[in-house]
Amino acid sequence: EGYFPKRGAEVVGKLHEPLNFKTMVGKPGYDFKIRELYQREGTSWLTPVEIFQPYYGEAVARYLAEDILQARSKAEERGGDRRNRKIHVCEVGAGNGTLA
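Given the structure is predicted, the values throughout are model-derived calculations rather than measurements.

By the definition in use, this model includes 3 aromatic pairs. With centroids separated by 5.7 Å and ring planes inclined at 10°, the aromatic side chains of F21 and F52 adopt a geometry described as stacked. Taken together, the positions of F21 in the segment before helix 1 (26-41) and F52 in the loop between helix 2 (48-51) and helix 3 (55-77) put the pair 31 residues apart, joining distant regions of the chain. When its relative accessible area of 31% is taken as the criterion, F52 is described as partly exposed. Site record: aromatic cluster; members linked through ring pairs are F21, Y30, F52 and Y55.

What follows is the structure, encoded as structure tokens:
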């Protein structure tokens, strides 16, 4: 048994197309769709990036952009460097690199 009981199955799955949340009615509809995906795809786990694509990635990008703009604005207020520096974002963790 255990967390990943299926031998030979992909541990981290990848969706072929984004979920259509408009067709789900509340949490029961969501739970049903997720259960159906796990069974159909034969996977043991889907990351939040996979399940909530493209919204998850868009939210992360908006957060990073706002945070960086605020930091640059504060630096300029203090008379700091006004040059636009490169930003390096690294996706780390178990998954397929979908967010990258």
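Structure's up, so let's keep going.
For Q53, the position within the fold is in the loop between helix 2 and helix 3. By relative accessible area, which is 17% here, Q53 ends up buried. A polar side-chain atom of Q53 sits 3.3 Å from the main-chain carbonyl oxygen of E50. Excluding its chain neighbours within four sequence positions, the residues that come into contact with Q53 are L15 and P18.

A few words now on the nonpolar core. In this structure, L15, L19, M24, I34, L37, L46 and I51 together form the largest nonpolar core, which totals 7 residues. Excluding residues that lie within four positions of it along the chain, L46 makes contacts with G13, K14, L15, L37, Y38 and I51.

Assignment of secondary structure puts T47 in the loop between helix 1 and helix 2. Looking at T47, the relative accessible area reads 9%, which means it is buried. Leave out the neighbours within four places in its chain, and T47 touches V12, A94 and G95.

Once that is clear, we can look at helix 3. Over its 23 residues, helix 3 runs 33 Å from end to end, which matches the ideal 33 Å to within 8%, given 1.5 Å per residue. Note on helix 3: the residue one or two positions beyond its end, G79, has a positive phi of about 80°.

Rules used in this analysis
Residues numbered from 1 in each chain as written. Predicted model: local features only at pLDDT ≥ 70, side-chain atom pairs only at ≥ 80, totals over all residues. Heavy atoms only, no water. Phe/Tyr/Trp six-rings, centres within 6.5 Å; stacked < 30°, edge-to-face > 60°. Helix = DSSP H or I, 4+ residues; strand = E, 2+ residues; numbered from the N terminus. Buried < 20%, exposed > 50% of the residue type's maximum accessible area, 1.4 Å probe, protein only. Polar contact = N/O pair within 3.5 Å; in protein donor to acceptor, adjacent residues only side chain to side chain. Contact = heavy atoms within 4.5 Å. Core = buried A, V, L, I, M, F, W, Y, C linked by side-chain atoms within 4.5 Å. Expected span 1.5 Å × (residues − 1).

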